[in-house]
Amino acid sequence: MNPPDFFGPGHRACAGCGCVITLRHVLQALDGKCFVVNSTGCMEVVSTPYPESSWDVPYIHSLFENAGAVASGIESALKALGRKDEGKVVVIAGDGATADIGVQTLSGMLFRGHDVLYICYDNEAYMNTGVQMSGLTPLGAHTTTSPAGKVIPGNSLDKKDMPSFALAHKARYVATSSIAYLGDIKKKVRKAGGIVGPSYIQIHSPCVPGWGYDSSKTVEVARLAVETGLYPIFEYENGELISVRKIKKRKPVEEYLRMQARFRHLFKDERGKEIIEKIQEIADMNAKKFGLDA
Ligand SMILES: Cc1ncc(C[n+]2csc(CCOP(=O)(O)OP(=O)(O)O)c2C)c(N)n1
Ligand SMILES: [Mg+2]
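Report on the accompanying structure. (Residues numbered from 1 in each chain as written. Chains lettered and ligands numbered in written order. Predicted model: local features only at pLDDT ≥ 70, side-chain atom pairs only at ≥ 80, totals over all residues.)

**Side note on the overall build of the protein**
Stage number 1. Summing up its helical and strand segments, the protein has eleven helices and eight strands in all.
Stage number 2. What you see for the protein is a C-alpha radius of gyration of 18 Å, in line with the 19 Å of a compact globule of 294 residues.
Stage number 3. For the protein, the spread of C-alpha atoms along the principal axes amounts to about 60 × 45 × 40 Å.
Stage number 4. Out of the 294 residues belonging to the protein, those deemed buried represent 49%. (Helix = DSSP H or I, 4+ residues; strand = E, 2+ residues; numbered from the N terminus. Rg over C-alpha atoms; globule rule 2.2 N^0.38 Å. Buried ≥ 20, exposed ≤ 12 C-beta atoms within 10 Å, placed from the backbone.)

**Here's the deal with the site of ligand 1**
Stage number 1. Lining the immediate environment of ligand 1, one finds 17 residues, of which Gly41, Cys42, Gly94, Gly96 and Asn128 sit closest.
Stage number 2. Of all the secondary structure elements, the ones that give two or more residues to the shell around ligand 1 are helix 2 (42–45) and helix 4 (95–101).
Stage number 3. For the shell around ligand 1, the class distribution of residues is seven nonpolar, eight polar and two charged. (Near = placed C-beta within 6 Å. Nonpolar A, V, L, I, M, F, W, Y, C, P; charged D, E, K, R; others polar.)

**Some details on the pairing of strand 5 (residues 173–178)**
Stage number 1. Of all six residues making up strand 5, six are buried, and the element is well covered by its neighbours.
Stage number 2. Bridging between strand 5 and strand 6 (residues 199–204) involves six bridges; their strand directions are parallel. Looking at the pairing, Thr176 lines up with Gln202 of strand 6.
Stage number 3. For the crossover from strand 5 across helix 7 (residues 182–193) to strand 6, the handedness is right-handed. (Pairing = 2+ DSSP bridges. Right-handed = clockwise from strand over helix to strand, strands pointing away.)

**A look at the packing of helix 1 (residues 18–29) against helix 7**
Stage number 1. One way to put it is that helix 1 packs onto helix 7 with a least axis distance of 8 Å and a crossing angle of 45°. With respect to helix 7, the element helix 1 is oriented oblique. Seen from above, helix 1 lies across helix 7 with right-handed handedness. Of the residues in helix 7, those touching helix 1 at Thr22, His25, Val26, Gln28 and Ala29 are Leu182, Ile185, Lys186, Val189 and Arg190.
Stage number 2. Of the residues that constitute the contact of helix 1 with helix 7, the class distribution is five nonpolar, three polar and two charged. (Axes fitted to C-alpha atoms, helices over the stretch in contact; angles between N-to-C directions. Parallel < 35°, antiparallel > 145°, perpendicular 65-115°, else oblique. Left-handed = near helix turned anticlockwise from the far one by under 90°. Contact = placed C-beta atoms within 7 Å.)

**Quick notes on helix 3 (residues 67–80)**
Stage number 1. Relative to the 20 Å expected for 14 residues at 1.5 Å per residue, helix 3 spans 20 Å between its end C-alpha atoms, a close match to the ideal helical length.
Stage number 2. Downstream of helix 3 by one or two residues, Gly82 has phi in the positive range, about 70°. (Expected span 1.5 Å × (residues − 1).)

**Comments concerning unusual backbone geometry**
Stage number 1. Positive phi outside glycine occurs at Asp31, with the angle close to 55°.
Stage number 2. With respect to the helices, strands and loops of the structure, Asp31 is situated in the loop between helix 1 and strand 1 (34–38).
Stage number 3. One non-glycine residue, Lys170, lies in positive phi territory at about 60°.
Stage number 4. The topology assignment puts Lys170 in the loop between helix 6 (162–168) and strand 5.

**Topic: helix 11 (residues 270–290)**
Stage number 1. With 21 residues, helix 11 ought to run about 30 Å at 1.5 Å a step, and its terminal C-alpha atoms sit 31 Å apart, in line with that.
Stage number 2. Those residues of helix 11 not exposed but buried are Ile275, Ile279 and Ala283. Projected down its long axis, helix 11 carries its buried residues within an arc of 90°, all on one side. Exposed side chains of helix 11 directed beyond 90 degrees from the buried face belong to Glu270, Lys273, Glu277, Lys278, Glu281, Met285 and Lys288.
Stage number 3. Contact partners of the buried residues in helix 11: helix 10 (253–258).
Stage number 4. Two residues or fewer after helix 11 comes Gly291, characterised by a positive phi angle close to 60°. (Arc of directions from axis to C-beta.)

**Side note on the nonpolar core**
Stage number 1. Counting residues in hydrophobic clusters, the biggest one holds 82 residues, and the most contacted among them are Leu23, Ala71, Val90, Val91, Ile92 and Ile119.
Stage number 2. It is helix 1 that provides the largest number of residues to this core, a total of seven residues.
Stage number 3. Look past the residues within four positions of Val91 in its chain and what remains in contact with it is Val37, Ala67, Gly68, Ala71, Val116, Tyr118 and Ile119. (Core = buried A, V, L, I, M, F, W, Y, C linked by C-beta atoms within 7 Å.)

**So, the environment of Cys207**
Stage number 1. Here Cys207 lies in the loop between strand 6 and helix 8 (208–211).
Stage number 2. Distance in space between the C-alpha atoms of Cys207 and Asp158 is 18 Å, their sequence separation being 49 residues.
Stage number 3. Leaving out residues up to four positions away in the same chain, Cys207 has contacts with Gly18, Asn123 and Met127.

**Some remarks on the packing of helix 3 against helix 5 (residues 103–111)**
Stage number 1. Where helix 3 contacts helix 5, the two axes come as close as 6 Å, and the packing angle between them is 35°. Where helix 3 approaches helix 5, its residues Ala67, Gly68, Ala69, Ala71 and Ser72 are matched on the opposing element by Thr105, Leu106, Gly108 and Met109.
Stage number 2. In the contact of helix 3 with helix 5, the residues fall into five nonpolar, four polar and no charged.

**Looking at the environment of Ile101**
Stage number 1. Structurally, Ile101 can be placed in helix 4.
Stage number 2. Contact partners of Ile101, with chain neighbours within four places excluded, come to Phe64, Glu65 and Gly96.

Just geometry here; none of it tells us what the structure is for.
Structure, rendered in structure tokens:
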């Protein structure tokens, strides 16, 4: 049985876009009962030009930097008007909007304890403007502002730990998920939707042109990120770790990296080999921190 879709056909996202998969399942999990605040980014650009809007829920496009503030205002207004039971206020924001440019208003929203569900669809770069590195771009990835070549071997930094940032603000519910596990997305979004107070869910959402893989492999590449330990899937409620997706037999990170053009340079020389070792260390550290190995 196909559940109703609240992000309809006709948008102009790329074939195989992981972010659209995230979006559709977030909206389905809430039965479309929500008010969406969407930062500038791919999901806004592909879906909003009048008269071709794909959104079948109340929707407002915020600036790149202020989704947290706009959502706080809407939530406060609904409260003042006695209309809180009409739906959850939900932010849909990219990784650049979340970890860099909108981080200040996200901080304020979490700190003040607004009843808002903040979803970061993490495609690991500023994709809409042509693949620039963001605070959630992983170590070693080629982007147009961390170009792999003679001078640097891709991004020299690793992902900001945004779930810990949300936890430090005492968010009621903090989780990660991935488009490789649609049931997991729905379960977590439903849960967060029922919690009063701020929640943060970061969902790994592969990008075909930005990462450089075949558009039929979106789910496969997402699953490998989890199975290597590079994208741990976990859940915190009231500051306590309450669930972790265990991995039966963790795969070496090479399997994940090799599928994508953004990591291609790492397989060419000694310098790349060292970075692959560092990336493996990151996966190992995740496994240790969250007890990923089954
Ligand atoms: C203050 C500001 N700086 C830059 C831009 C240009 N801009 C629009 S979308 C975008 C990229 C957004 O990246 P992300 O939040 O990761 O979303 P994605 O495009 O990957 O979906 C940029 C840089 C802008 N609109 N506003
Ligand atoms: Mg992005």
